[in-house]
Amino acid sequence: KLKVAILDQSLDKDYLEKQTNYDLAIKTPGIPKTKVKIPYVTATNIFFSQNKNFIIGVTGSKGKSTTASLIFEILKVAGKKVRLIGNIGNPMLEVLLKKVDPDEIFVIELSSYILEDIEYSPNIAVLLNLFPEHMDYHGGIENYYEAKKNIFKFQKSGDLAVQPPFTEKIPLKNRYIPLLGTHNLKNIQAAIKVARLLKVSDSAISKAIKNFKPLPHRLEFVGTFNGIKFYDDAISTTPESTIMAIKTLKDIGTIFLGGEDRGYDFNELEKILKLHHVKNIVLFPESGNRILKSRQGFNILETRSMKEAVDFAFQNTSNGQICLLSTASPSYSIWKNFEEKGDLFQNLVKNG
């Protein structure tokens, strides 16, 4: 005789007021715990409470999905029974519906939203990096960093904490590495560290890295059109991440910046744009009007239309140069998410 219901903002804008009609909530990571006024659990805590298998958890401000996917691929190549679950892969609770092989290893990407109120830690916990993100959700940098540190908080004797800096030797030459940028070398080193803790051979590690397919919208090469090289880095929703992309690609003629304004500091980004002589800049609302303190020397288009932005890139980017979508801000001011933004960019580039 349980009364079960779904409270969701897409069904009811006053959904949060209705929670007091219930005794217990299962909270989605998208809602800060400060907004829940009744006792609650989370899918993650339910999963961890019932799980008996070995878990590798990965967090960090950037690189979580890539590193978790790479760990999964390395362990698979090494012949281990392994599954990717959580944000990427199967939902965690789905795992509990079937009988699980006790030898299977679970690899989970853990966001700060999930870690904010987690009550368990993985057997191997990996922290990649930390810089300000999701400030609006967590109500400040301290809370955000505290949430991230929870990945280690409940570890037990025998569990392992993997923290930066990563110094593992990569067992193959740079030209065989399919991931661009020094930040990705750190992600690879983190994955190698985990693999070596699990006694995986260097031959399995190098084979997995060599065959690894980079995830979409992460410095993804879209193609060369009209002599312009287009890159989709829609995942870069912070200034730090966009700076990494600029340093990695170097010869950028046009960049698309701006989105939801979360109050980020863009001073360093502006310096990098000038240092790397990026001339053509598209600025999307809302943060676009705050990114540049001085517009001198830049050719600027302000728009909320991806079509206008792509047309501008075709008209203004020099032959042989790069047009980069890497907005240094979240996508939600115009798009549903970074995937929608990246897909739209790619379609317009290919069909423009």
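Scroll up a little and you will see the structure.
Everything quoted here is computed from the prediction, not taken from an experiment.

> I'd like a description of the overall build of the protein, backed by residues and values.
When you go through the protein residue by residue, the secondary structure sums to 13 helices and 13 strands. Compactness check: the protein gives a C-alpha radius of gyration of 22 Å against a globular reference of 20 Å for 352 residues, within 12% of the reference. Based on the C-alpha atoms only, the size of the protein along its principal axes is roughly 60 × 55 × 35 Å. In the protein, which comprises 352 residues, the share counted as buried stands at 50%. Contacts in the protein between residues at least 24 apart in sequence constitute 68% of all its contacts with a sequence separation of at least 6.

> Quick one: what's the story with the side chain of Q19, residue by residue and with numbers?
Along the polypeptide, Q19 turns up in the segment before strand 1 (25-27). Ignoring sequence-local partners within four residues, the contact set of Q19 consists of L7, K35, V36, K37 and I38.

> Tell me about the packing of aromatic side chains, and please be specific about residues and values.
The relative placement of two aromatic rings is captured by the distance of their centres and the angle of their planes. Applying the stated criterion across every chain, the model contains 11 aromatic pairs. Aromatic pair Y144 and Y145: ring centres 5.7 Å apart, planes at 45°, arrangement tilted. Ring geometry for F284 against W335: centres 5.0 Å apart, planes inclined by 90°, an arrangement best described as edge-to-face. With a gap of 51 residues between them, F284 in the loop between strand 11 (280-283) and helix 11 (288-291) and W335 in the loop between strand 13 (322-325) and helix 13 (338-351) connect regions that are remote in the sequence. By the burial criterion, F284 is buried, and W335 matches it. One cation-aromatic arrangement involves K3 over Y22; the distance from NZ or CZ to the ring centre is 4.8 Å. For K210, the ring lying beneath its charged end belongs to Y176, and the centroid distance is 4.6 Å.

> Lay out the pattern of salt bridges in plain terms, naming residues and giving numbers.
Taken as a whole and assessed by the stated rule, the structure comprises 15 salt bridges. Note that R290 and D261 form a salt bridge whose closest N and O atoms lie 2.9 Å from each other. Here the residue R290 occupies a position in helix 11, and D261 occupies one in the loop between strand 10 (252-257) and helix 10 (267-275), the gap between them amounting to 29 residues. Residue classification places D261 among the partly exposed positions, given a relative accessible area of 30%. Beyond isolated ion pairs, a larger network of salt bridges with shared partners links E168, K193, R196 and D202.

> Just give me the short version of the packing of helix 7 (residues 182-197) against helix 8 (residues 202-210), but keep the residues and values in it.
Running from N to C, helix 7 and helix 8 point in directions that differ by 145°, and their axes come no closer than 11 Å. Both helix 7 and helix 8 take part in a crossing whose hand is right-handed. Seen from helix 7, the contacting residues are I188, I192, A195 and R196; seen from helix 8, they are D202, I205 and I209. Class assignment for the residues of the contact of helix 7 with helix 8 results in 5 nonpolar, no polar and 2 charged.

> Got a sec to walk through the side chain of T317? Specific residues and values, please.
Within the element layout of this structure, T317 appears in the loop between helix 12 (306-316) and strand 13. Since its relative accessible area comes to 8%, T317 is described here as buried. Separated by 2.6 Å, the side chains of T317 and T254 make a polar contact. Residues in contact with T317, not counting those within four places in the same chain, are I228, G253, T254, N280, I322 and C323.

> Describe helix 8, and please don't skip the residues or the numbers.
At 3.6 residues per turn, the α-helix brings residues three or four places apart onto the same side. Residues of helix 8 that are buried include every one of A204, I205, S206, A208 and I209, and no others. Check the buried side of helix 8 and you find it contacts helix 2 (64-77) and helix 7.

> Report on the pairing of strand 9 (residues 228-232), specifying residues and quantitative values.
Strand 9 sits mainly inside the fold: 4 of its 5 residues count as buried. Here 5 bridges tie strand 8 (residues 220-225) to strand 9, and the two strands are oriented antiparallel to one another. Looking across to strand 9, one finds that G223 is bridged to F230. The hairpin formed by strand 8 and strand 9 contains 2 residues between the paired strands, and N226 there has a positive phi angle of roughly 55°.

> Mind laying out the environment of I228, listing which residues take part and the relevant values?
As for its placement among the helices and strands, I228 is situated in strand 9. Along the primary structure I228 and Y113 are separated by 115 residues, whereas in three dimensions their C-alpha atoms are 38 Å apart. When neighbours within four sequence positions are excluded, I228 is seen to be in contact with G223, A313, F314, T317, S318, Q321 and C323.

Procedures and definitions
- Residues numbered from 1 in each chain as written.
- Predicted model: local features only at pLDDT ≥ 70, side-chain atom pairs only at ≥ 80, totals over all residues.
- Heavy atoms only, no water.
- Helix = DSSP H or I, 4+ residues; strand = E, 2+ residues; numbered from the N terminus.
- Rg over C-alpha atoms; globule rule 2.2 N^0.38 Å.
- Buried < 20%, exposed > 50% of the residue type's maximum accessible area, 1.4 Å probe, protein only.
- Contact = heavy atoms within 4.5 Å.
- Phe/Tyr/Trp six-rings, centres within 6.5 Å; stacked < 30°, edge-to-face > 60°.
- Lys NZ or Arg CZ within 6 Å of the ring centre and 35° of its normal.
- Salt bridge = Lys/Arg side-chain N within 4 Å of Asp/Glu carboxyl O.
- Axes fitted to C-alpha atoms, helices over the stretch in contact; angles between N-to-C directions.
- Left-handed = near helix turned anticlockwise from the far one by under 90°.
- Nonpolar A, V, L, I, M, F, W, Y, C, P; charged D, E, K, R; others polar.
- Polar contact = N/O pair within 3.5 Å; in protein donor to acceptor, adjacent residues only side chain to side chain.
- Pairing = 2+ DSSP bridges.

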